[in-house]
Amino acid sequence: MTSKVDEALGYEQARDELIEVVRRLEAGGTTLEESLALWERGEELAKVCRRWLEGARARLDAALAEESQAQEQGAGSASE
């Protein structure tokens, strides 16, 4: 479950922290327990990023649909 703190993270903050988590995991030298904690944090950060991207995609889709609808209405008026 995502915490309230994670929900307040902006996309860039979550992405930057995720990059750091991945860097630390790839560098190695951590205990199994530390690695698991990093992995779990990375999963949560990835969810935050995914939600931001899905929200941005929904806004873009809505804007494109609105623009398309306006164009169709304009084309219909022009043919009358």
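Further up the page is the structure itself.
This structure is a prediction, so every number in the text was calculated from the model and none was measured.

**Student:** Looking at this structure, how should I read the pattern of salt bridges?
**Tutor:** Pairing of side chains with opposite charge becomes possible as their charged atoms draw close. Taken as a whole and judged by the stated rule, the model has five salt bridges. For Arg-41, the salt bridge identified is with Glu-17, shortest N-O distance 2.8 Å. With a gap of 24 residues between them, Arg-41 in helix H3 (residues 32-78) and Glu-17 in helix H2 (residues 11-27) connect regions that are remote in the sequence. Among the ionic pairs, Arg-57 bridges to Asp-61, the shortest N-O distance being 3.4 Å. Placement of both Arg-57 and Asp-61 in helix H3 is noted, with a separation of four residues, approximately one turn of the helix. Using a relative accessible area of 48% as the deciding quantity, one classes Arg-57 as partly exposed. Assessed through its relative accessible area of 37%, Asp-61 is described here as partly exposed.

**Student:** Which parts of the structure should I look at to understand the environment of Glu-43?
**Tutor:** Its location among the elements puts Glu-43 in helix H3. Of the residues examined, Glu-43 reaches a relative accessible area of 37% and is grouped as partly exposed. Separated by 25 residues in sequence, Glu-43 and Leu-18 have C-alpha atoms that sit 8.6 Å apart.

**Student:** Can you walk me through the nonpolar core in this structure?
**Tutor:** Here is a general trend for soluble globular proteins: nonpolar side chains tend to be buried in one another's company. Leu-9, Ala-14, Val-21, Leu-38, Leu-45, Val-48 and Cys-49 form the largest nonpolar core, which has seven residues in total. When residues of this core are traced back to their parent elements, those giving at least two are H2 and H3. With residues near it in sequence (within four places) discarded, Ala-14 still touches Leu-9, Leu-45, Val-48 and Cys-49.

**Student:** So what exactly am I meant to see when it comes to a negative patch on the surface here?
**Tutor:** Taken together, the side chains of Glu-33, Glu-34, Glu-40 and Glu-43 define an acidic patch exposed on the protein surface. Within the secondary structure, Glu-34 sits in helix H3. A relative accessible area of 41% means that Glu-34 is categorised as partly exposed.

Here is what the cut-offs are and how they apply
- Residues numbered from 1 in each chain as written.
- Predicted model: local features only at pLDDT ≥ 70, side-chain atom pairs only at ≥ 80, totals over all residues.
- Heavy atoms only, no water.
- Salt bridge = Lys/Arg side-chain N within 4 Å of Asp/Glu carboxyl O.
- Helix = DSSP H or I, 4+ residues; strand = E, 2+ residues; numbered from the N terminus.
- Buried < 20%, exposed > 50% of the residue type's maximum accessible area, 1.4 Å probe, protein only.
- Core = buried A, V, L, I, M, F, W, Y, C linked by side-chain atoms within 4.5 Å.
- Contact = heavy atoms within 4.5 Å.
- Patch = residues over 30% accessible without salt bridge, like charges linked within 9 Å, V, L, I, M, F, W, Y side chains within 5 Å.
- Areas by Shrake-Rupley, 256 points an atom, 1.4 Å probe, with all protein chains shown as cover.
- Lys, Arg positive; Asp, Glu negative; His and termini not counted.
- Charge placed at Lys NZ, Arg CZ, Asp CG, Glu CD.

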